[in-house]
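This is what each chain is made of:
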Amino acid sequence: MEHIAADLSQLSRRVFDDSRDHKRMMRATLFKLGAMQRSVTQIRAALLGLSRIVGFVREWIPEVGYAHIKTSFSDLQSLSEFDQQISDKVQFLLDAVLGFINIAQNEVMTVPTVVSVVTIPPVILAGIWGMNFKSVPEYNWAHGYAFGLTLIGLSMLVPLLIFRWKKWV
């Protein structure tokens, strides 16, 4: 249990370290936490079995050896509490790792969202001016082409500036 607690402390430092390879480390951390949880579960099962045995023996032992059994039972209860602390820390780290993975996924999805919002207005404008109708007034303007390109460029630039101003990009 002490080895698991030491490994958990080291893992905790790595999880909450703000380094460049933090995102890549998260997958390996999930597997390591799973292995630790498996070990904690096995220890908990062994402690439960020992506690039941000591509790049963405590009822049948004469008063002379009762102090040793009482001490053993108290030690098992302390180990059980330590096991619960380790289990709580494993759960906390699991929640933290999943939270960091969620944050990384949100950051990844920011790029396609911004690209789609920025490119929709120019596509709509190009689609409208790309229609083959005789009654499109901009076709007859002396600078209609420049006007269209400028408006398409502005329709991309304005959302980018707004996103940058709000610090979304």
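Rules of the game
- Residue indices begin from 1 for each chain and proceed along its sequence in written order.
- A pLDDT threshold of at least 70 governs which residues receive local features in this predicted model, and a stricter bar of 80 or more applies before side-chain atom pairs are shown or counted, although totals over entire chains, interfaces and linings include all residues.
- Remark: hydrogens and water are excluded; side-chain values derive from all non-hydrogen atoms of the structure.
- Working definition: helices are DSSP H or I runs of at least four residues, strands are E runs of at least two. Numbering for both runs from the N terminus.
- Only C-alpha atoms enter the radius of gyration; for comparison, a globular chain is expected to reach 2.2 Å times N to the power 0.38, where N is the number of residues.
- Summary of the burial criterion: residues with accessible area below 20% of their type's maximum are buried, those above 50% are exposed, and those between are partly exposed, where the area comes from a 1.4 Å probe applied to protein chains only.
- Residue contacts are defined here by distance: any two heavy atoms, one from each residue, within 4.5 Å place the two residues in contact.
- Only the protein chains shown count as cover for residues, with accessible areas throughout obtained via the Shrake-Rupley method and a probe of 1.4 Å.
- For the purpose of charge, His is not counted, nor are the chain termini; Lys and Arg are scored as positive and Asp and Glu as negative.
- Just so you know, the charge point we use is NZ for Lys, CZ for Arg, CG for Asp and CD for Glu.
- The rule is short: rings of Phe, Tyr and Trp, with Trp giving its six-membered ring, pair when the centres are within 6.5 Å, and they are stacked under 30 degrees, edge-to-face over 60, tilted in between.
- For patches, a residue must show more than 30% relative accessible area and have no salt bridge; joins then use 9 Å for like charges and 5 Å for nonpolar side chains, namely Val, Leu, Ile, Met, Phe, Trp and Tyr.
- The term salt bridge refers to a pairing of a side-chain nitrogen on Lys or Arg with a carboxyl oxygen on Asp or Glu at a separation within 4 Å.
- On a range of 0 to 100, pLDDT expresses the predictor's confidence in each residue.

Engineer: What is the right way to look at the overall build of the protein in this model?
Structural biologist: Scanning the protein from N- to C-terminus turns up four helices and zero strands. For 169 residues, the compact-globule estimate of 2.2 N^0.38 gives 15 Å, and the C-alpha radius of gyration of the protein, at 32 Å, exceeds that figure by more than 25%. Relative to its full complement of 169 residues, the protein shows a buried share of 23%. Here the contacts in the protein between residues at least 6 apart in sequence split such that 70% fall between residues at least 24 apart. As displayed, the protein offers around 12,600 Å² of accessible surface, 63% of which is attributable to carbon and sulfur atoms. Side chains of the protein carry 17 positive and 14 negative charges; the gap between the two charge centres is 11 Å.

Engineer: Mind showing me how you'd approach the packing of aromatic side chains here?
Structural biologist: The relative placement of two aromatic rings is captured by the distance of their centres and the angle of their planes. What the rule picks out here adds up to three aromatic pairs. Ring geometry for Phe16 against Phe100: centres 5.9 Å apart, planes inclined by 70°, an arrangement best described as edge-to-face. Taken together, the positions of Phe16 in the loop between helix H1 (2-15) and helix H2 (22-60) and Phe100 in helix H3 (residues 66-129) put the pair 84 residues apart, joining distant regions of the chain. Joined through ring pairs, the aromatic side chains of Phe16, Phe92 and Phe100 make up one cluster.

Engineer: Would you explain a nonpolar patch on the surface in this entry?
Structural biologist: On the surface, Trp141, Phe147, Leu151, Leu154, Leu157, Val158, Leu161, Ile162 and Trp165 cluster together to form a nonpolar patch covering roughly 880 Å² of accessible area. Mapped onto the elements, Leu154 comes out in helix H4 (residues 144-165). Judged by relative accessible area, Leu154 falls into the partly exposed class, the value being 41%.

Engineer: What is the right way to read the confidence of the model for the protein from this model?
Structural biologist: Low-confidence regions, as indicated by low pLDDT, have predicted coordinates that should not be scrutinised in detail. Per-residue confidence for the protein gives a mean pLDDT of 84; residues scoring 70 or more make up 98%. Of all helices and strands in the protein, the one with the weakest mean pLDDT is H2 (84), whereas H4 scores best (89).

Engineer: Looking at this model, I keep getting lost on the environment of Pro159. Mind explaining?
Structural biologist: If you trace the backbone, Pro159 turns up in helix H4. Excluding its chain neighbours within four sequence positions, the residues that come into contact with Pro159 are Val118 and Leu154.

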